[in-house]
Amino acid sequence: MTERERAAASPSVDEAMNRVLRAEQDARAAVDVCRGEAAAMVAAAEALAKRVVQATDRRIRAAHQRADQTVEQAVRALLGTPPVAPVVSPAEGDDELDRAVAALADEIIGARR
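Before going into details, it helps to say that this report is about the structure given with it. (Residues numbered from 1 in each chain as written. Predicted model: local features only at pLDDT ≥ 70, side-chain atom pairs only at ≥ 80, totals over all residues. Heavy atoms only, no water.)

On the surface, Val71, Val75, Leu78 and Leu79 cluster together into a nonpolar patch covering about 450 Å² of accessible area. With respect to the element layout, Val75 can be found in helix H1 (residues 3-79). Relative accessible area serves as the criterion here: at 40%, Val75 is assigned to the partly exposed category. (Patch = residues over 30% accessible without salt bridge, like charges linked within 9 Å, V, L, I, M, F, W, Y side chains within 5 Å. Areas by Shrake-Rupley, 256 points an atom, 1.4 Å probe, with all protein chains shown as cover. Salt bridge = Lys/Arg side-chain N within 4 Å of Asp/Glu carboxyl O. Helix = DSSP H or I, 4+ residues; strand = E, 2+ residues; numbered from the N terminus. Buried < 20%, exposed > 50% of the residue type's maximum accessible area, 1.4 Å probe, protein only.)

Printed below as a string of structure tokens:
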């Protein structure tokens, strides 16, 4: 190959190398964007899971209270003393828990709302 042929081939090699380097840079940027999106999704899922746990704990405490009151009323009935009216209201946050469970299920199966 002559010097002239080498000189003519050089710009195309440089251009190809520059395209490869730009593509690599673009790919790294896309990976960084995906990492950020994944981190945001994980944070949102963790927050949702925390809300679900809190709502579940509230429901469990309310169920325990109702069970305790039922047992107390049964014991009073057996002993012949008048029963005490229940003081437990329906579990708060049922709608919120239902929405959280539905959102979590959608996230798990990949559904979008």
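Now for the nonpolar core. Counting residues in each nonpolar core, the largest one holds 5 residues, listed as Leu48, Val52, Ala55, Leu97 and Ala100. Per-element tally for this core: the top contributor is H1, with 3 residues. Each residue touching Ala100, except ones within four places of it in the same chain, is listed here: Leu48 and Val52. (Core = buried A, V, L, I, M, F, W, Y, C linked by side-chain atoms within 4.5 Å. Contact = heavy atoms within 4.5 Å.)

Any two side chains of opposite charge can pair, so long as their charged atoms come close to each other. Per the counting criterion, the structure on display carries 3 salt bridges. For the salt bridge of Arg35 with Asp32, the shortest nitrogen-to-oxygen distance reads 3.4 Å. Of this pair, Arg35 and Asp32 both sit in helix H1, 3 residues apart, roughly one helical turn. Glu72 is the partner of Arg76 in a salt bridge, and the nearest nitrogen-oxygen pair spans 3.0 Å. One end of the pair, Arg76, and the other, Glu72, are both in helix H1, 4 residues apart, so they sit about a helical turn from each other. A relative accessible area of 27% places Arg76 in the partly exposed class.

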